[in-house]
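Listed here are the chains, written in short residue letters.
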Amino acid sequence: MEATMPKTALIWSFFMAFCSFIVIHVYAEDSQMGYRPFSGGDYNDHLRKLQEFKASLTRHDSLSVAPSSIPPSPSPSPIVPPTGSTSPRVYHVTSYGADPTGSRDSSDALAQAMADAFRGPTEGFLIEGIANLGGAQIDLEGGHYLISRPLRLPGAGVGNLMIHGGTLRASDDFPTDGYLIDLSPTSSANKKAETKKESSMSAQLSSSSYNYEYMTLKDLFLNSNYRGGGISVINSLRISIDNCYITHFTTNGILVQSGHETYIRNSFLGQHITAGSDRGERNFSGTAINLMGNDNAVTDVVIFSAAVGIMISGPANILSGVHCYNKATGFGGTGIYLRLPGLTQTRIVNSYMDYSGIVAEDPVQLDISNSFFLGEAYIVLKSIKGVANGVNIVNNMFSGFDKGVEIVQLDQNNGPFKEVEQVYVDRNNVRGMNTKGTVGRRSVQGNGSSWTVDFNPILLFPNLIRHVQYTLSAGGNAFPNHTLRNVSNNRVVIESNVAAPASVFVTVDQGVAN
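Computed from a predicted model, the values in this text were never measured in an experiment. (Residues numbered from 1 in each chain as written. Predicted model: local features only at pLDDT ≥ 70, side-chain atom pairs only at ≥ 80, totals over all residues. Heavy atoms only, no water.)

Undergrad: Is there a simple way to explain the overall build of the protein chain in this structure?
TA: The number of helices and strands found in the protein chain is 4 helices and 30 strands. For the protein chain, buried positions account for 46% of its 514 residues. Put simply, 66% of the contacts in the protein chain that link residues at least 6 apart link residues at least 24 apart. Working note: accessible area of the protein chain is about 25,900 Å², and carbon and sulfur atoms make up 52% of it. (Helix = DSSP H or I, 4+ residues; strand = E, 2+ residues; numbered from the N terminus. Buried < 20%, exposed > 50% of the residue type's maximum accessible area, 1.4 Å probe, protein only. Contact = heavy atoms within 4.5 Å. Areas by Shrake-Rupley, 256 points an atom, 1.4 Å probe, with all protein chains shown as cover.)

In structure tokens:
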């Protein structure tokens, strides 16, 4: 008798065969593009369909169920943004019609973006009179923009705004006394405001002594096209200039006037794009950074071409990590010029003066330390009224070519230094140049009753010795009486009552106050 297969077993066999067909079919499709495992959603969907199919086979009415009766899988719900949300305060300049290729003038478009940012929502005030724009951004979107007039806000009295991420180039008719970015109020700032909000800002500004606060200029390439300068910051507070490349200026790469606490860092400035040994170096002009205010900082900045690297005419500034090879001293250039006689209050530390030195007029409270002077770069103390007080030039390295150049020099064309107090020049590492300082140590040997030690080759100031220490070591059985007989013209004379072979060791100091 032939065996018959139970109905349940028959259905189960049919189900397993169908599953095998599905798996093989899916794998075959995937093998054409490389194996790709199911995503979480695909796997769950396939598993649900298999389970439904298995259930239909085991139900008595499975044969009567039409395929169309199987409910479709649910589609994901769309993501709905939260109600009440507002757009970020980012003003994309191309939305205003600015040309990111630099082919046509974008002055009007950029000015409109600046105006909209100025009139944008505020969140109270920073310092009194400065409206807080809440971190609004003017995004240059990595474009290259040609402008024929300075980029300025339509008025003063705002802060917490960033301009970033692109290139600005001056057109051929850009004003030669202008700056690509000018943080100073326009001439219309004193006129009646056009909107209620601007009127309110003007009223608040009357109680503030600053134009702007907490403005950030970042990630910018500024090409002044040899027509004016790069950035101007006038009477503002807590301004940040970060990661900027400023070139082809004729006046100032960056001008900071009045106000205080402008921080310039991680930036590169040069009138001409070069890396040294430029054939036109003798003709470099302009000033890379002009600090005409106080409490500013320049950190990790390279100045590669300009007549003056950094000009300082305000007190209490600090320079750190600055590399100046803007124009060699031999060609008439100056790395750092301190033009604030009688109130310098400047610190220059951990910097690199590369063939370009430092000039300080009547320095009062000046610190130059832990810096490197290469290529016979040196320091000049320039007499205006003959004052030098509280000067430290210590722990620096000087390197030259054995041509007799002194590491620190005096410019007394306007008259000699007459008030010299607390000036300390010492502990400098010198190679290939002549050491100069305010502290001297020398020795002489001889058989006699008088010993003269000449400090002129190493002392900075002529005919100025404030303090003397000496030791006389007599040879043989001699035990002479001795004394300091004379100190004049930077010479020290030691005499004894009897002749004797002796060595005399002398230390002098010019900077000790009387």
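Undergrad: Looking at this model, I keep getting lost on the side chain of Asp 139. Mind explaining?
TA: Within the element layout of this structure, Asp 139 appears in strand β2 (residues 131–139). In this structure, Asp 139 is buried with no salt-bridge partner, the nearest side chain bearing the opposite charge being Lys 218 at 12 Å. Look past the residues within four positions of Asp 139 in its chain and what remains in contact with it is Val 90, Tyr 91, His 92, Val 93 and His 164. (Lys, Arg positive; Asp, Glu negative; His and termini not counted. Salt bridge = Lys/Arg side-chain N within 4 Å of Asp/Glu carboxyl O.)

Undergrad: What am I meant to see in the pairing of β2 here?
TA: Examined bridge by bridge, strand β1 (residues 90–92) and β2 share 3 bridges and lie parallel to one another. Each bridged residue has a counterpart across the sheet, and for Val 90 the counterpart in β2 is Gln 137. (Pairing = 2+ DSSP bridges.)

Undergrad: Can you walk me through the environment of Pro 480 in this structure?
TA: Note on placement: Pro 480 falls in the loop between β28 (467–474) and β29 (482–488). Between the C-alpha atom of Pro 480 and that of Ser 449, which follows or precedes it by 31 residues, the distance is 8.9 Å. Setting aside residues no more than four positions away along its own chain, Pro 480 makes contact with Leu 472, Ala 474, Ser 496, Asn 497, Val 498 and Ala 500.

Undergrad: Mind showing me how you'd approach helix α3 (residues 107–118) here?
TA: Each α-helix turn comprises 3.6 residues. Residues three or four places apart therefore point the same way. When the terminal C-alpha atoms of α3 are compared, their 16 Å separation across 12 residues agrees well with the 16 Å that a helix rising 1.5 Å per residue should span. All of the buried residues in α3 are Ser 107, Ala 109, Leu 110, Ala 113, Met 114, Ala 115, Ala 117 and Phe 118. (Expected span 1.5 Å × (residues − 1).)

Undergrad: Just checking my understanding: could you explain the side chain of Asp 242 for this structure?
TA: Along the chain, Asp 242 falls in strand β8 (residues 237–247). Under the relative-accessibility criterion, Asp 242 is labelled buried at 14%. Side-chain polar atoms of Asp 242 contact the side chain of Asn 266, separated by 3.3 Å. Those residues within four positions of Asp 242 in sequence are excluded, and the remaining contacts are Leu 217, Lys 218, Asp 219, Arg 265, Asn 266 and Ser 267. (Polar contact = N/O pair within 3.5 Å; in protein donor to acceptor, adjacent residues only side chain to side chain.)

Undergrad: What exactly am I supposed to notice about the packing of aromatic side chains here?
TA: Aromatic rings considered in pairs are described by the distance between their centres and by the relative angle of their planes. Counting across every chain of the model gives 7 aromatic pairs. Taking 4.9 Å as the distance between ring centres and 25 degrees as the angle between the ring planes, the aromatic pair formed by Phe 221 and Tyr 245 counts as stacked. Within this pair, whereas Phe 221 is found in strand β6 (residues 212–223), its partner Tyr 245 is found in strand β8, the two being separated by 24 residues in sequence. Overall, the relative accessible area of 27% leaves Phe 221 in the partly exposed class. (Phe/Tyr/Trp six-rings, centres within 6.5 Å; stacked < 30°, edge-to-face > 60°.)

Undergrad: How should I be thinking about the environment of Val 158 in this particular structure?
TA: Looking at where Val 158 falls in the secondary structure, it is placed in strand β4 (residues 158–170). Residue class for Val 158 comes out buried when judged on its relative accessible area of 0%. Between the C-alpha atom of Val 158 and that of Tyr 210, which follows or precedes it by 52 residues, the distance is 9.7 Å.

Undergrad: I would appreciate a short explanation of the pattern of salt bridges in the present structure.
TA: Opposite charge on two side chains permits pairing when their charged atoms draw close. Going through the model one piece at a time under the given rule, you end up with 12 salt bridges. We note a salt bridge from Asp 108 to Arg 149, for which the minimum N-O separation is 2.7 Å. With Asp 108 in helix α3 and Arg 149 in the loop between β3 (144–147) and β4, this residue pair connects regions lying 41 residues apart in the sequence. The shortest N-O distance in the salt bridge between Asp 182 and Arg 152 comes to 3.6 Å. Taken together, the residues span a long stretch of sequence, with Asp 182 in strand β5 (residues 179–183) and Arg 152 in the loop between β3 and β4 at a distance of 30 residues. Of the residues examined, Asp 182 reaches a relative accessible area of 10% and is grouped as buried. Look at Arg 152 and you get partly exposed, because its relative accessible area is 27%. Overlapping salt bridges, with partners in common, bring together Glu 213, Arg 238 and Glu 261 in one network.

Undergrad: How should unusual backbone geometry be read in this particular structure?
TA: Excluding glycine, residues mostly have negative phi values, and the peptide bonds linking residues are mostly trans. Within the chain, Asn 225 stands out as a residue other than glycine whose phi angle is a positive 55 degrees. Phi is positive for Asn 490, close to 60 degrees, though the residue is something other than glycine.

Undergrad: Can you help me understand the confidence of the model for the protein chain in this one?
TA: When pLDDT drops low, the exact placement of atoms in the prediction is not to be read closely. Of the residues in the protein chain, 78% reach a pLDDT of 70 or more, and the chain-wide mean stands at 84. Confidence drops under a pLDDT of 50 for residues 1–40, and excluding neighbours within four residues, the segment shows 19 contacts in the predicted structure. Ignoring residues within four places in sequence, the model shows residues 187–207, a span with pLDDT below 50, making 25 contacts including any to other chains. (pLDDT = per-residue confidence, 0-100.)

Undergrad: It is not clear to me how the environment of Leu 374 should be interpreted in this structure. Could you clarify?
TA: For Leu 374, the position within the fold is in strand β20 (residues 372–374). The partly exposed category is assigned to Leu 374, whose relative accessible area is 23%. Along the primary structure Leu 374 and Phe 401 are separated by 27 residues, whereas in three dimensions their C-alpha atoms are 9.9 Å apart. Contacts of Leu 374, omitting those with residues within four sequence positions, involve Tyr 352, Met 353, Asp 354, Tyr 355 and Ser 399.

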